[in-house]
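Working through the structure, step by step
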Amino acid sequence: MSQQADAAPTRLIVAITGATGVAYGVRLLQALRTLQVETHLMISDAGVLNLHQELNLNRKDVEAMADVVHNVRDIGAAIASGSFQSHGMIVAPCSMRSLAAIAHGLSDNLITRAADVILKERRKLVLMVRETPFNLAHLRNMTAVTEMGGVIFPPLPAFYHRPASIDEMVDHTIGRVLDLFHLQHTLTPRWQGM
């Protein structure tokens, strides 16, 4: 007689780094909480600066939205090991510095180490890269991450659903990210054709 283990809850790692667009990371945490997805959060120092600059939020405001918070300097955290079970990781937004470190396997902090673990364990890594225009180094780093199995997901707004606010544009993008993890949501209407 075999015993079946209880199904593990959906668990995602979320990182907010020092690129513009921290609204994506914050909205992602809110959406994941609504969907009862367990979140493990890291915020880089530059990410904290952007939270204050762009949304007038502090670190504690955003950390309260996560189930578990990890210090980016804690390389010994559970999420630094492949034995930590998760469904993947989203970096929202992802700075070009973080992209470069991930592309080259430079596990120099917990964000880049956790991303490295996700890639080596063949789990889904989504990088919401934020920069424009891209230079050749950015493009090569995006190619390297893609070749390793990561998903490069620049948060580009869509207009076919006629968004009436920035919040609607953010929700549409976050909804598309949630789709990558097969999470059911109602953040944005589905395209029904013309």
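Residues numbered from 1 in each chain as written. Predicted model: local features only at pLDDT ≥ 70, side-chain atom pairs only at ≥ 80, totals over all residues. Heavy atoms only, no water.

1. Overview of the pairing of strand E4 (residues 88-94)
Among the seven residues in E4, seven count as buried, and that is most of the element. Of the two faces of E4, the one lined by Gly-88, Ile-90, Ala-92 and Cys-94 and the one lined by Met-89, Val-91 and Pro-93 are each fully buried. Pairing between strand E1 (residues 11-16) and E4: four bridges, direction parallel. Bridge pairing in E4 places Ala-15 opposite Val-91. Here E4 runs beside strand E5 (residues 124-129); their pairing, made up of five bridges, is parallel. (Buried < 20%, exposed > 50% of the residue type's maximum accessible area, 1.4 Å probe, protein only. Helix = DSSP H or I, 4+ residues; strand = E, 2+ residues; numbered from the N terminus. Pairing = 2+ DSSP bridges.)

2. Quick word on the confidence of the model for the protein chain
Taken over all residues, the pLDDT of the protein chain has a mean of 94, while the share at 70 or more is 95%. Every residue in residues 1-5 scores below 50 in pLDDT, and together they form zero contacts with partners more than four places removed in sequence or on other chains. (pLDDT = per-residue confidence, 0-100. Contact = heavy atoms within 4.5 Å.)

3. Considerations on helix H2 (residues 45-55)
Among all positions in H2, only Gly-47, Val-48, Asn-50 and Leu-51 are buried. On an axial view of H2, the arc spanned by its buried residues comes to 165°, and they lie on one face. The exposed residues of H2 that point more than 90 degrees off its buried face are Leu-49, His-52 and Gln-53. In this fold, the buried residues of H2 make contact with E1, helix H1 (22-34), strand E2 (38-43) and helix H3 (59-63). The first or second residue beyond H2 is Asn-56, which carries a positive phi of 55°. (Arc of directions from axis to C-beta.)

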